[in-house]
Amino acid sequence: MEEINVILPDGSVKKVPAGTTVEELARSIGPGLARDAVAARFDGRLIGLNEPLNHGGHITILTFDDPEGREVYRHSAAHVMASAVKRLYPDARLGIGPAIEDGFYYDFEIDEPLTPDHLERIEETMREIVEEDIPFECMPLEQDEALDLFAELDEQYKQELIREMEEQGVTAYRHGEFVDLCRGPHLPSTGRLRAFKLLSVAGAYWRGDEGRPQLQRIYGTAFDSQAALDAHLERLEQARKRDHRRVGKTLDLYSIHEEGGPGLIYWHPKGSVVRGEIEDFWRVAHRDRGYDIVYSPHIAKKDLWATSGHLDTFQDSMFGAMEVDGVEYILKPMNCPFHILMYKESTRSYRDLPMRWAEMGTVYRYERSGALHGLLRVRGFTQDDAHIFCRPDQVEDEVIEVVRLAQYMLSVFGYTDYEIVLSVHDELQPDKYIGTPETWQEAEAKLARSLDRMGLAYETDVGEAKFYGPAIDIKMLDALGRAWQGPTIQLDFNLPERFDLEYAGEDGQIHRPVMIHRTVLGSMERFFGGLIEHYGGAFPTWLAPVQVVVIPITDDHLEYARDIQRDYRAHGIRVEVDDRNEKVGYKIRNAEVEKVPHMLVVGDREVEAETVSVRSRGHGERGNMDYRDFQSEVLEEIENRTG
RNA sequence: GCUGACGUAGCUCAGUGGUAGAGCGCGUCCUUGGUAAGGACGAGGCCACGGGUUCAAUCCCCGUCGUCAGCUCCA
């Protein structure tokens, strides 16, 4: 038989008979690999384990540890789920069912609404299908054959997909009685699935279009071992424990009230301390970088929003008008027109530019009720906004300075990793934007050049630009590796045009300035929500609502405890005395649960020696220290924002 | 906004067609205890709101509001 050479990832060459399957190849390399293999990449093409190798080439055998292997594995799990659903609900119509990050989903049209009980039954049926170990078979079909097949199966959504396919021929995959339109590849058989779980069910519009039918989407996940699945579920549980809505409640940071209206945040004293610290820090950081800090009103006449273009492109997000003296006013959804009015207050010279105006500006936006989410998606929020008015030749440098500021601010809050996205306009949806194609291209090019000059890697997202200009969006990764929308830097040639902004150039002529809209934290609400989860509620000392708790052992030590409180407080430390009639252990537990950074236990020994017995979050008992020495330590920790 | 689930004490949650329970928290008292929960007693509920069915509704049905999981949309 003819022999072929397959080249493995390490460069070694393996000689095998032509027609050897990937699985056989894996077995010849080692039993471990044979056991874990799920698919392979052969000369750039993703193939299944059953596929015979008919010619030589480069091969990488993929396991669950490879992202692509994971995708194949979970996609097969989605098929198994779909076949289970069809067994239980033969009338169910199939939508699509891809693998996604951390799992998979499948969309179905089923008359009966699915509940968690249904999921259990589906999961049970999936286990049966896995037990039956049914082989996955690939079926290459011509377009019209496929159409006939799915017409016969009464799968209208699949038919729609086939009709829109441009390439010649399609493939379907079959296991047992179940057939699905699918590019593949798949696991060799259903028995290869080792661990899976269905997680939730929710509505999802067919093809993401609100105007089309809503299907029922079942989410699930699959892993190559029960242990890995358990670990993943444990991670979900850990994330749930950090949920800012839960932590915000237990730590008494903020609330939302049905009586007051959804999406409106009430900052409690403790949450307000954190916010105040963030704002103080923010102000200093901005003044240091040449920003002026301004304030502006909350409402303005409707005409202003017509001039800015908000009425045309942002109206769906704006609260309705209120009438004052026969004139309509609108609650501000953005701060920019206000800063623009201030800019126009006097004639500006090129010497004045750049002008950097920053404002903690509270804005209101109408968000659809289903979009609201804790602190992350609200209807009233305070942006750490700023507008930089500059000359065209200053844009790139200004953008770079903003990115640097953002990097600095994020690092202070412990966000060391982030992803940068260049959000550009979508030429196919011109009515989403104001301005001409030329100005858009110029603006997008300037942003890209700034990033290039900094040597920063970024992705480009088409259609993610604001209505007035493109943006650099920075997504910060938190302690659990999740991405949060953070700083955004938006370039705007359009509003200066609409408001006819001017400055006198060195040449004595009138010129048009450029505006940079930017936030480095986003909004106080969203940033705070992210921060709560990032730290799991255990704020570093400089942000902690209570920095030190003094714990007297008995009432005899109360006076000393209060002396310490007075002294620490006079030095600006947020310190409380736990004077309740409880035992030390109880008070310590309480302070631990509230994630107070430092506890000072004081009893006879401490009163005698003017010391404190220190217990710090994450360190446990640290022994006795002079109370003034420890105070210096805390002050240093706050000053340096460590700890 | 859409689909589904949910809404019971301050919080987390049980529960039943015959007007309600636990733990934590809160209050009072006892206790003065050395590094993650001492004990006793007590207060606290229009069972989200509005209709309907029923002799009787917290429970069943409808609607409204809100929350949650998503979809869609965003700082």
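Residues numbered from 1 in each chain as written. Chains lettered and ligands numbered in written order. Predicted model: local features only at pLDDT ≥ 70, side-chain atom pairs only at ≥ 80, totals over all residues. Heavy atoms only, no water.

Draft legend 1. View of the state of the cysteines. Applying the stated criterion across every chain yields a total of 0 disulfides. In this model Cys182 remains outside any disulfide bridge; the closest cysteine sulfur is found in Cys138, 8.4 Å from its own. Under the relative-accessibility criterion, Cys182 is labelled buried at 5%. With no disulfide of its own, Cys336 has Cys390 as its nearest cysteine by sulfur position, at a separation of 15 Å. (Disulfide = S-S within 2.5 Å. Buried < 20%, exposed > 50% of the residue type's maximum accessible area, 1.4 Å probe, protein only.)

Draft legend 2. Molecular detail of the protein's contact with RNA strand B. Neighbouring residues of RNA strand B: 56 residues in total, closest Ser369, Arg377, Lys466, Arg589 and Ser613. The protein-proximal atoms of RNA strand B, defined as those within 4 Å of the protein, are 48% sugar or phosphate. The contact in question runs from a base nitrogen of RNA strand B to an N or O atom on the backbone of Gly370, over 3.1 Å. When contributions to the surface near RNA strand B are tallied by element, the ones reaching two or more residues are strand 14 (195-205), strand 15 (214-223), helix 8 (244-250), strand 23 (380-390), strand 30 (514-523), helix 18 (584-593), helix 19 (604-609) and strand 34 (611-616). Across the surface near RNA strand B, the residue classes tally to 17 nonpolar, 17 polar and 22 charged. (Near = heavy atom within 4 Å. Polar contact = N/O pair within 3.5 Å; in protein donor to acceptor, adjacent residues only side chain to side chain. Helix = DSSP H or I, 4+ residues; strand = E, 2+ residues; numbered from the N terminus. Nonpolar A, V, L, I, M, F, W, Y, C, P; charged D, E, K, R; others polar.)

Draft legend 3. Representation of the side chain of Arg574 within the structure. Along the polypeptide, Arg574 turns up in the loop between helix 17 (558-570) and strand 32 (575-577). Separated by 2.7 Å, the side chains of Arg574 and Glu277 make a polar contact. Polar side-chain contacts of Arg574 include one of 2.8 Å to the backbone oxygen of Ala544. Other than its neighbours up to four places away in sequence, Arg574 contacts Val273, Glu277, Thr541, Trp542, Leu543, Ala544, Pro545, Val546, Gln547 and Val548. (Contact = heavy atoms within 4.5 Å.)

Draft legend 4. Broad picture of the pattern of salt bridges. Within the structure shown, the criterion is met by 43 salt bridges. Measuring nitrogen to oxygen at the nearest pair gives 3.1 Å for the salt bridge that ties Asp154 to Arg93. Linking Asp154 in the loop between helix 5 (143-152) and helix 6 (156-164) with Arg93 in strand 8 (residues 93-94), this pair joins segments that are 61 residues apart in sequence. Between Glu396 and Arg449 there is a salt bridge whose closest N-O contact spans 2.9 Å. Remark: Arg449 occurs in helix 14 (residues 437-454) and Glu396 occurs in helix 13 (residues 395-412); sequence separation between them is 53 residues. According to the relative accessible area criterion, Glu396 is buried, its value standing at 15%. Note on Arg449: relative accessible area 41%, which makes it partly exposed. (Salt bridge = Lys/Arg side-chain N within 4 Å of Asp/Glu carboxyl O.)

Draft legend 5. Structural context of the layout of surface pockets. Here the largest pocket defines a volume of roughly 1400 Å³. Lining the largest pocket are 45 residues; nearest its centre among them are Phe314, Met334, Arg365, Glu367 and Lys466. Put simply, the parts of the chain that give the lining of the largest pocket at least two residues each are helix 11 (310-313), strand 23, strand 24 (417-424), strand 26 (471-477), strand 27 (483-492) and strand 30. Considering only residue class, the lining of the largest pocket consists of 14 nonpolar, 16 polar and 15 charged. (1 Å grid on protein atoms, 1.4 Å probe; cavity = no way out; pocket = protein on both sides within 12 Å on 5 of 7 lines; lining within 4 Å. Points joined across faces, edges and corners; volume = space filled by probe spheres on them.)

Draft legend 6. Molecular detail of the sheet that holds strand 30. Read across the open sheet, the 8 strands follow the order 18-22-23-30-27-26-24-25; overall the sheet is mixed. Strands with a single pairing partner mark the edges of an open sheet, and in this sheet they are strand 18 (292-293) and strand 25 (459-462). Pairing of strand 26 with strand 27 involves 6 bridges; the strand directions are antiparallel. Bridge pairing in strand 27 places Lys475 opposite Gln485. Helix-sheet contacts for helix 14 involve strand 24, strand 26 and strand 27, and the interaxial angle to strand 24 is about 160°. (Pairing = 2+ DSSP bridges. Axes fitted to C-alpha atoms, helices over the stretch in contact; angles between N-to-C directions.)

Draft legend 7. Quick look at the sheet that holds strand 5 (residues 45-47). Taken in spatial order, the 5 strands make up an open sheet running 2-1-7-4-5, and their pairing is mixed. Strands at the two margins of the open sheet, each flanked by one partner only, are strand 2 (13-17) and strand 5. The average undirected angle you get between the axes of adjacent strands in this sheet is 35°. Taken together, the 5 bridges between strand 1 (residues 3-7) and strand 2 define a ladder with antiparallel strand orientation. Its bridge partner being in strand 2, Asn5 is matched across the sheet by Lys15. Running over the sheet, helix 1 (residues 22-29) touches strand 1, strand 2, strand 4 (37-42), strand 5 and strand 7 (57-63) and is turned about 80° from strand 7. Along the sheet, helix 3 (residues 67-88) contacts strand 4, strand 5 and strand 7; its crossing angle with strand 4, the most-contacted strand, is approximately 125°.

Draft legend 8. Focus on the packing of aromatic side chains. Summed over the entire model, instances satisfying the criterion amount to 21 aromatic pairs. Note on Tyr105 and Tyr219: the rings are 5.6 Å apart at their centroids and 55° apart in plane angle, and the pair reads as tilted. Here Tyr105 is found in strand 10 (residues 103-109), whereas its partner Tyr219 is found in strand 15, with 114 residues between them in sequence. Residue classification places Tyr219 among the partly exposed residues on the basis of a relative accessible area of 27%. Ring geometry for Phe413 and Phe527: centres 4.9 Å apart, planes at 80°, overall edge-to-face. Note that Phe413 is positioned in the loop between helix 13 and strand 24 and Phe527 in helix 16 (residues 524-535), a separation of 114 residues in sequence. Residue classification places Phe413 among the buried positions, given a relative accessible area of 0%. Feature note: the residues Phe281, Tyr408, Phe413, Tyr415, Phe527 and Trp542 constitute an aromatic cluster, connected by ring pairs. Arg74 extends its terminal NZ or CZ atom over the ring of Phe223, reaching a point 4.7 Å from the ring centre. A cation over a ring is seen here: Lys332 above Phe338, with NZ or CZ 5.0 Å from the ring centre. (Phe/Tyr/Trp six-rings, centres within 6.5 Å; stacked < 30°, edge-to-face > 60°. Lys NZ or Arg CZ within 6 Å of the ring centre and 35° of its normal.)

Draft legend 9. Local environment of a negative patch on the surface. A cluster of acidic residues, Glu142, Asp144, Glu145, Asp148 and Glu152, forms a negative patch at the surface. On the secondary structure map, Asp148 appears in helix 5. For Asp148, a relative accessible area of 52% translates into the label exposed. (Patch = residues over 30% accessible without salt bridge, like charges linked within 9 Å, V, L, I, M, F, W, Y side chains within 5 Å. Areas by Shrake-Rupley, 256 points an atom, 1.4 Å probe, with all protein chains shown as cover. Lys, Arg positive; Asp, Glu negative; His and termini not counted. Charge placed at Lys NZ, Arg CZ, Asp CG, Glu CD.)

Draft legend 10. Representation of empty space enclosed by the protein. Within this structure, the stated rule accounts for 2 cavities of 30 Å³ or more. Taken as a whole, the largest cavity spans an internal volume of roughly 130 Å³. Along its surface, the largest cavity is lined by Leu251, Leu253, Lys270, Gly537, Phe539, Ala544, Pro545, Val546, Glu594, Lys595, Val596 and Arg617. Here the lining of the largest cavity is composed, by residue class, of 7 nonpolar, 1 polar and 4 charged. What the second largest cavity holds in volume is close to 30 Å³. In this structure, the second largest cavity is lined by Met476, Trp484, Gln485, Leu521, Arg526, Phe527 and Gly530.

Draft legend 11. Molecular detail of the domain arrangement of chain A. Segmentation of chain A into domains returns domain 1 (3-63), domain 2 (68-242), domain 3 (255-535) and domain 4 (548-640). Distance between the C-alpha centres of domain 1 and domain 2: 27 Å. The partner domain 2 presents 12 residues to the 14 residues of domain 1 that form the contact. Here domain 1 meets domain 2 over a buried area of about 910 Å², counting both sides, of which 52% is carbon and sulfur. Counting across the domain 1 and domain 2 interface gives 3 salt bridges. When the shortest N-O distance is used, the salt bridge between Glu68 and Arg41 registers 2.3 Å. The interface formed by domain 1 and domain 2 holds 3 residue pairs in polar contact (both at pLDDT 80 or more) in total. (Domains from an automatic or database assignment. Buried area = accessible area lost by both parts, 1.4 Å probe.)

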